[in-house]
Amino acid sequence: VDSDGDLVLVIEDERSMARIMAASLQARGYEVMVARTGQDGLDRSAAENPAVVILDLGLPDIDGIEVCRRIRQWSRAPIIVVTADGAEDRKILALDEGADDYVTKPFSMPELLARLRVAVRHRQAFGPFVDDDLIEVGDLVVDTADHQVTVAGARVELTPKEFEFLALLARHQGKVLTHRTILHHVWGPEAVNRTEYLRTYANQLRKKLQDDSSSPRLITEPGVGYRLVARE
Amino acid sequence: MLGVDRSRRRRDPKPEFGLAAGIAVVLAATAILLPFRSDISRASPALILVIPVVLAAVFGGRMAAIATAVVGAMAFSIAFIPPVGSLRVAVSEDAVALVVFIAVAIATGTLVASEADRRRAAEQRAEEIEAMHGRYQALVEEQERLREETARLAVLEQVDKQRAALLRSVSHDLRTPLASIRAVATDLRDGAAYARPIQEELLELVCDEAERLDRIVANLLSLSRIETGALQPDRQAVALEELLNELVTRLRRLFVHITLDVQVPAALPLLDIDYVQIDQVLTNVLENAARHAPPGSTIRVSAASSEGSVTVAIVDQGPGLNGDEIEHIFEPFRTGKGSTSTGVGLAICKAIVEAHGGMISATNTPDGGAEFRFTLPVRRG
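Residue numbers here run from 1 along each chain, matching the order of that chain's written sequence. Lettering of chains starts at A and numbering of ligands starts at 1, both following the order in which they are written. Local features in this predicted model are restricted to residues whose pLDDT is 70 or higher, and side-chain atom pairs enter the listing and the counts only when it is 80 or higher, whereas totals over whole chains, interfaces and linings include all residues. The basis for the side-chain values is all heavy atoms of the structure; hydrogens and waters are excluded.

1. Notes on the sheet that holds strand β9 (residues 154-156) of chain A
The strands making up a sheet are joined through hydrogen bonds of the backbone, oriented either antiparallel or parallel.
Residues and elements named next belong to chain A.
Here is step 1: Any two strands are treated as partners once DSSP identifies two or more bridges connecting them. Numbering of helices and strands runs from the N terminus; a helix is a DSSP stretch of H or I covering at least four residues, while a strand is a stretch of E covering at least two. Taken together, four strands build an open sheet; the order of strands is β6-β7-β8-β9 and the sheet is antiparallel. On the outer flanks of this sheet lie β6 (134-137) and β9, each paired with one strand and no other. The sheet shows a mean angle of 25° between the axes of neighbouring strands, direction not considered.
Here is step 2: Summarising the sheet, strand β8 (residues 148-151) and β9 pair through three bridges and their orientation is antiparallel. Looking at β9, one finds that Val149 is bridged to Val156.
Here is step 3: The contact criterion used is simple: two residues touch if any of their non-hydrogen atoms lie within 4.5 Å. Helix axes are fitted to C-alpha atoms over the stretch in contact, other axes to C-alpha atoms as well, and angles between N-to-C directions run from 0 to 180 degrees. Contacts from helix α6 (residues 160-171) reach β6, β7 (140-143) and β8, with the element oriented near 110° to β7.

2. What to know about the pattern of salt bridges
Residue and element names in this part refer to chain A.
Here is step 1: A carboxyl oxygen of Asp or Glu within 4 Å of a side-chain nitrogen of Lys or Arg is what we treat as a salt bridge. According to the stated counting rule, one finds 40 salt bridges over all chains in the structure shown.
Here is step 2: Its salt-bridge partner being Asp40, residue Arg44 comes within 3.1 Å of it at the nearest N-O pair. Placement of both Arg44 and Asp40 in helix α2 (residues 38-48) is noted, with a separation of four residues, approximately one turn of the helix.
Here is step 3: Asp40 gets classed as partly exposed once you look at its relative accessible area, which sits at 26%.
Here is step 4: Across the salt bridge formed by Glu66 and Arg69, the nearest N and O atoms sit 2.5 Å from each other. We call a residue buried when its accessible area falls under 20% of the maximum for its residue type, exposed when it is over 50%, and partly exposed in between, using a 1.4 Å probe and counting protein chains only.

3. Structural notes on the sheet that holds strand β4 (residues 298-306) of chain B
Residue and element names in this part refer to chain B.
Here is step 1: The five strands are arranged β2-β4-β5-β7-β6 in an open sheet whose pairing can be described as mixed. Looking at the sheet topology across the chains shown, the edges are occupied by β2 (259-263) and β6 (360-364). Neighbour to neighbour, the strand axes of the sheet diverge by 15° on average, direction disregarded.
Here is step 2: Pairing of strand β5 (residues 309-315) with strand β7 (residues 370-377), which is carried by seven bridges, proceeds in the antiparallel orientation. Residue pairing for β7: Ala313 is matched across the bridge by Arg373.
Here is step 3: Packing against the sheet, helix α7 (residues 240-250) makes contact with β2, β4 and β5, and its axis sits at approximately 170° to β2.

4. Brief notes about helix α5 (residues 92-189) of chain B
Here is step 1: Given a rise of 1.5 Å per residue, 98 residues ought to cover 146 Å, and the 142 Å separating the end C-alpha atoms of α5(B) matches this to within 8%.
Here is step 2: Positive backbone phi, at 90°, marks Gly191(B), one or two positions downstream of α5(B). Multiplying one less than the number of residues by 1.5 Å gives the expected span of a helix.

5. Things to note about the nonpolar core
In a soluble, globular protein the nonpolar side chains are often hidden away together inside.
Here is step 1: In this structure, Leu240(B), Leu282(B), Val312(B), Ile314(B) and Phe374(B) are the most contacted members of the largest nonpolar core, which totals 47 residues.
Here is step 2: At seven residues, the largest contribution of residues to this core is made by helix α8 (residues 275-292) of chain B.
Here is step 3: The residues touching Leu240(B), leaving out its near neighbours within four places in the chain, are Val264(B), Leu268(B), Leu271(B), Leu282(B), Ala303(B), Val310(B) and Val312(B).
Here is step 4: Among buried residues, the Ala, Val, Leu, Ile, Met, Phe, Trp, Tyr and Cys ones that are joined through side-chain atoms within 4.5 Å form a nonpolar core. Ile20(A), Leu112(A), Ala192(B) and Leu205(B) belong to the second largest nonpolar core, which has 30 residues in total.

6. Re the packing of aromatic side chains
Here is step 1: When the centres of two rings from Phe, Tyr and Trp lie within 6.5 Å, Trp using its six-membered ring, the rings pair. Their planes under 30 degrees apart give stacked, over 60 give edge-to-face, and anything left gives tilted. Under the criterion given, the structure shown has eight aromatic pairs over all chains.
Here is step 2: With 6.3 Å between their ring centres and 70° between their planes, Phe165(A) and Trp187(A) make a pair best called edge-to-face. Here Phe165(A) is found in helix α6, whereas its partner Trp187(A) is found in helix α7 (residues 179-187), with 22 residues between them in sequence.
Here is step 3: A centroid spacing of 5.8 Å and a plane angle of 85° characterise the contact between Phe17(B) and Phe59(B), whose relative ring orientation is edge-to-face. Of this pair, Phe17(B) sits in helix α2 (residues 15-33) while Phe59(B) sits in helix α4 (residues 50-80), and the two are 42 residues apart along the sequence.
Here is step 4: Over a ring means this: the NZ of a Lys or the CZ of an Arg is within 6 Å of the ring centre and within 35 degrees of the ring normal. One cation-aromatic arrangement involves Arg115(A) over Tyr102(A); the distance from NZ or CZ to the ring centre is 5.4 Å.

7. What to know about the packing of helix α1 (residues 15-27) of chain A against helix α6 (residues 196-227) of chain B
Here is step 1: One can describe the packing of α1(A) onto α6(B) by two numbers: an axis separation of 11 Å at closest approach and a directional angle of 155°. One way to sum up the angle between α1(A) and α6(B) is to call them roughly antiparallel. Taken as a pair, α1(A) and α6(B) cross one another with a handedness that is left-handed. Between α1(A) and α6(B), the contacting residues are Ser16(A), Arg19(A), Ile20(A) and Ala23(A) on the first element and Ile198(B), Glu201(B), Leu202(B), Leu205(B), Glu209(B) and Arg212(B) on the second. We call two directions roughly parallel when the angle between them is under 35 degrees, roughly antiparallel when it is over 145, roughly perpendicular when it lies between 65 and 115, and oblique otherwise. Whether a crossing is left-handed or right-handed is set by the direction in which the near helix is turned from the far one by less than a right angle, anticlockwise for left-handed and clockwise for right-handed.

8. Here we look at the confidence of the model for chain B
Residue and element names in this part refer to chain B.
Here is step 1: Each residue carries a pLDDT value, the predictor's own confidence for that position, ranging from 0 to 100. Averaged over all residues, the pLDDT of chain B equals 86, while 94% of them reach at least 70.
Here is step 2: Scored below 50 in pLDDT, residues 1-8 shows six contacts in the model against residues more than four places distant or in partner chains.
Here is step 3: Interface confidence for the predicted complex, expressed as ipTM, amounts to 0.78; the pTM equals 0.63.

9. Quick word on the interface of chain A and chain B
Here is step 1: Opposite the 23 residues of chain A that make contact, chain B presents 25 residues.
Here is step 2: Computed with a 1.4 Å rolling probe, the buried area is the accessible surface lost when two parts are put together, summed over both parts. Overall, the association of chain A and chain B removes approximately 1,900 Å² of surface from exposure, summing both partners, and the carbon and sulfur fraction of that is 59%.
Here is step 3: Between Glu14(A) and Arg212(B) there is a salt bridge, and its shortest N-O distance comes to 3.2 Å.
Here is step 4: Here a polar contact is taken to be a pair of N or O atoms separated by no more than 3.5 Å, where protein atoms must pair a possible hydrogen donor with a possible acceptor and residues adjacent in sequence count only if both atoms sit in side chains. Applying the counting rule to chain A against chain B returns nine residue pairs in polar contact (both at pLDDT 80 or more).
Here is step 5: Tallying contributions element by element places α1(A) first for the side of chain A that touches chain B, with eight residues.

10. Observations concerning the pairing of strand β11 (residues 218-221) of chain A
Residues and elements named next belong to chain A.
Here is step 1: In terms of strand pairing, β11 meets strand β12 (residues 225-228) through four bridges, oriented antiparallel. Within the sheet, the bridge partner assigned to Ile219 lies in β12 and is Arg227.
Here is step 2: Taking the residues that link successive antiparallel strands as the turn, the β11-β12 hairpin has three residues, and the phi of Gly223 there is positive, at about 75°.

Here you go:
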């Protein structure tokens, strides 16, 4: 059992897919509510305050990206988007509009469940709403006031850019941040296409954090962005 | 262009030739008239000598005519005006005649020359107009060719667009049932512990989705047959009732929340149809109806025979079709707003029904649902 009754709102128009997700999540202890249209999804997300939203981007009535944007206006609940066509730009758009994570159809159920667990685990620390000086991501602690980072109590020396990169990911822990978002915040608006920076800095950070490649804290989402999770 | 130049040159006045011809005729006329000099009046040679001036004017133009007139006057003076053999004129009356001759000859020559000029100019204009007309004709033909080329390119572009649309919708449509199948399979492999009824429901769902995949693939095969023109009905005697019974059993999972009411009169004649193809037509129309019918509603299938054909009607209680949809519903890749279908199913229905010599139509019922109607041929003899 993954959960003790967190409410998951599934916004999915495909009857069979909605049924499968509902059955699978209920078997793991989640409480599930299904909406078959974007409008119904918006109504329920406002009325029921779900812990997590699973949102299919291909809805019959309202564009999924728009649904994402509107839910973000009142809710901090993590949103996991489901793309049917594997179109990179659609999921990146959704992530930039406030979605936290994505899966691409046809996805495996364990993959969706894993992403759901991450979303629930980091729910409290989600969004740009967290602005504590001390951000904890498992055994990783980022002190944004003193610009210091420790892993399991041991100090890690970072360059200013490495620190900003890590602090941004920590502030949005669990959430996938797109290349564009990270470059914009750390290197400035003129650097939004310099994805080569990210590769270099991500590698340096993994080395300094002594990330284990089998269960890394700093996860690469190929072609999309990066995210930071607590080590399991 | 060369031809035009050559003909223009040919018709231009040739002063040397005109003058030479004029003088030759003056000399010939003088030589012929000379023996009768004493028998004829002086007016006769004067009149006859106007002829070479006219000839010179026609062939050589105005200057040749004037020169010929002068030569003619000299010949007239020398040969016919006393004293003969000299240019001198003895009698004043003869001087007046000579002057009148010159004046008349020049006037006539000038008039004839300018008339000839006008005629030549008119002919030239006519020729130019004709040439222009020819060029215009060539331009029109060229334009026509370009138009045809453009039309052909537009058709090719349309075909390209349709192929892209087909690939898009097919990959989406194949992926949707695949996604459900994969989700259930990975979930069960992962060791998900389900209560028995739920596990059965999920496996049932996998079977449904596999059948949906099969229907999509069947439609794709038909589509490719339509494209290659290989949609030949393999006709046999078929009882519509049997076909429908079989079909309803196979599609029953599509109608879990919908009532299917099939009313086929027992006395319906046998149909002369390709069983597999008409099965596909009914499957596509029923699947389309099931997709749009609200839960709890009824889909009615009925059939009636009339003079050599059977009309099948499928009526649902869904939202119906809007005007634009009714017009284009049988075109490939036309899907309703928010539709989850490939948009080829109904296009295939139309192609198959028409290959059987029948007709298919879509309308709205008075209560707002959609009604699909098509005719099928009856077996003879």
